[in-house]
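Residue-level structure breakdown
This is what each chain is made of:
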Amino acid sequence: EIVLTQSPGTLSLSPGDRATLSCRASETVNRAYLAWYQQRPGQAPSLLIYAASTRATDIPERFSGGGSGTDFTLTIANLQPEDFAVYFCQQYGVSPITFGPGTKLEIK
Amino acid sequence: QVLLQESGPGLVRPSETLSLTCSVSGFSIGSQYYWGWIRQSPGKGLEWIGNVYLGGSSYYNPSLNSRVTISMDKSKNQFFLKMNSVTAADTAVYFCAKTFWTGYYTGWFGPWGQGILVTVSA
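All of these numbers come straight from a predicted model, not from anything done at the bench.

In globular proteins that are soluble, nonpolar side chains generally tend to be buried together. With 46 residues, the main nonpolar core has Trp36(A), Tyr87(A), Phe99(A), Leu105(A), Phe109(B) and Trp112(B) as its most contacted residues. Residues within four places of Phe99(A) in sequence aside, it is in contact with Leu4(A), Tyr37(A), Cys89(A), Gln90(A), Ile38(B), Leu46(B), Glu47(B), Trp48(B), Phe109(B) and Trp112(B). Counting 27 residues, the second largest nonpolar core, distinct from the first, contains Val52(B), Val68(B), Cys96(B) and Val120(B).

Printed below as a string of structure tokens:
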């Protein structure tokens, strides 16, 4: 199965900053079939991005995804207070579907 | 707006069967899409369990395949998870989710239910 590694484990930034989160796969993710989710404390994950760069419905433009092959990024511009949460990547290029361990974005 | 809600026992004894229900509102599960289960634990993080489609087709994570069955009842707009022979390692928050399925036996998830904590303990 494809193992996803996310870095950094924790990212400390201030509102208004730009966040760059990394997701690296142990092998090529076919067709860039990679999704990103946000999870706030006590809540379920919520879909942000699929197909590496396509924003889900109602997701603000400050969230953008990119990458291909084994390296993918999630960028959040102009951080808002509600953006401080945990972010997970997920690959669906090959079964079994797997998730990364998450990056915690915290307020500095 | 599609809403999903998990229900079931919060405590299951070791070696017994975990049974959960996902009730869907705002969308007919018999019309489209796959429907899936994912779990989250401190030790293993997020783990895909499996998915089911309206025709009864189901796909499972090979690591759990022999213990898991996912089914659906279109008339009740519900789908179900059964996991047998549970151990403490199956203690987790279990989520159900609508799944956008690809042609490659995989997909991405949204929206998710709020999750239900299931503890395996005597």
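Now, onward.
Residue Ser7(A) is joined to Pro8(A) through a cis peptide bond whose omega torsion reads -5 degrees. Relative to the elements of secondary structure, Pro8(A) occurs in the loop between β1 (4-7) and β2 (10-13). Across the junction of Ser95(A) and Pro96(A), the peptide omega takes the value 5 degrees, indicating a cis bond. With respect to the secondary-structure elements, Pro96(A) resides in the loop between β9 (86-91) and β10 (98-99). A positive phi angle, near 80 degrees, is found at Ser15(B), a position not held by glycine.

All names here are of chain A. The pairing of strand β4 (residues 34-39) with strand β5 (residues 46-50) spans three bridges and is antiparallel. Bridge pairing in β5 links Gln 38 to Ser 46. In textbook terms, the turn of a hairpin is the stretch between consecutive antiparallel strands, and for β4 and β5 this stretch comprises six residues, one of which, Gly 42, has a positive phi near 75 degrees. Bridge count for β5 against strand β6 (residues 54-55) is two bridges, and the pairing is antiparallel. In the strand pairing of β6, Tyr 50 is matched with Thr 54. In textbook terms, the turn of a hairpin is the stretch between consecutive antiparallel strands, and for β5 and β6 this stretch comprises three residues, one of which, Ala 51, has a positive phi near 50 degrees.

The subject of this paragraph is the state of the cysteines. Two cysteines joined by a covalent bond between their sulfur atoms form a disulfide. Residue and element names in this part refer to chain B. Evaluation of the coordinates by the stated rule reveals two disulfides over all chains. Shown here is the disulfide that connects Cys 22 with Cys 96, its sulfur atoms set 2.1 Å apart. Because the sign of the S-S torsion sets the handedness, a value of about 60 degrees for the bond joining Cys 22 and Cys 96 places this disulfide among the right-handed ones. Remark: Cys 96 occurs in strand β9 (residues 92-101) and Cys 22 occurs in strand β3 (residues 18-25); sequence separation between them is 74 residues. Given a relative accessible area of 0%, Cys 96 falls into the buried group.

Here we take up the layout of surface pockets. A volume near 490 Å³ is recorded for the largest pocket. Taken together, 20 residues form the lining of the largest pocket, with Ser46(A), Leu47(A), Thr57(A), Gly110(B) and Pro111(B) sitting closest to its centre. It is strand β10 (residues 107-112) of chain B that provides the largest number of residues to the lining of the largest pocket, a total of four residues. Of the residues contributing to the lining of the largest pocket, the split by class is 12 nonpolar, six polar and two charged. Each pocket or cavity is described by its volume, and for the second largest pocket that value is around 250 Å³. Lining of the second largest pocket is provided by 16 residues; of these, Glu1(A), Thr98(A), Phe99(A), Lys44(B) and Leu46(B) occupy positions nearest its centre. If you list the elements that add at least two residues to the lining of the second largest pocket, you get β10 of chain A together with β5 (45-52) of chain B.

Attention now moves to the sheet that holds strand β8 (residues 78-83) of chain B. Backbone hydrogen bonds hold the strands of a sheet together, and the pairing may be parallel or antiparallel. All names here are of chain B. Read across the open sheet, the four strands follow the order β1-β3-β8-β7; overall the sheet is antiparallel. Looking along the sheet, the strands with just one partner apiece sit at the ends: β1 (3-7) and β7 (68-73). Each strand axis lies, on average, 20 degrees off the axis of its neighbour in the sheet, ignoring direction. Pairing between β1 and β3: five bridges, direction antiparallel. Paired with Ser 7 across the bridge in β3 is Thr 21.

Procedures and definitions
- Residues numbered from 1 in each chain as written.
- Chains lettered and ligands numbered in written order.
- Predicted model: local features only at pLDDT ≥ 70, side-chain atom pairs only at ≥ 80, totals over all residues.
- Heavy atoms only, no water.
- Core = buried A, V, L, I, M, F, W, Y, C linked by side-chain atoms within 4.5 Å.
- Buried < 20%, exposed > 50% of the residue type's maximum accessible area, 1.4 Å probe, protein only.
- Contact = heavy atoms within 4.5 Å.
- Helix = DSSP H or I, 4+ residues; strand = E, 2+ residues; numbered from the N terminus.
- Pairing = 2+ DSSP bridges.
- Disulfide = S-S within 2.5 Å.
- 1 Å grid on protein atoms, 1.4 Å probe; cavity = no way out; pocket = protein on both sides within 12 Å on 5 of 7 lines; lining within 4 Å.
- Points joined across faces, edges and corners; volume = space filled by probe spheres on them.
- Nonpolar A, V, L, I, M, F, W, Y, C, P; charged D, E, K, R; others polar.
- Axes fitted to C-alpha atoms, helices over the stretch in contact; angles between N-to-C directions.

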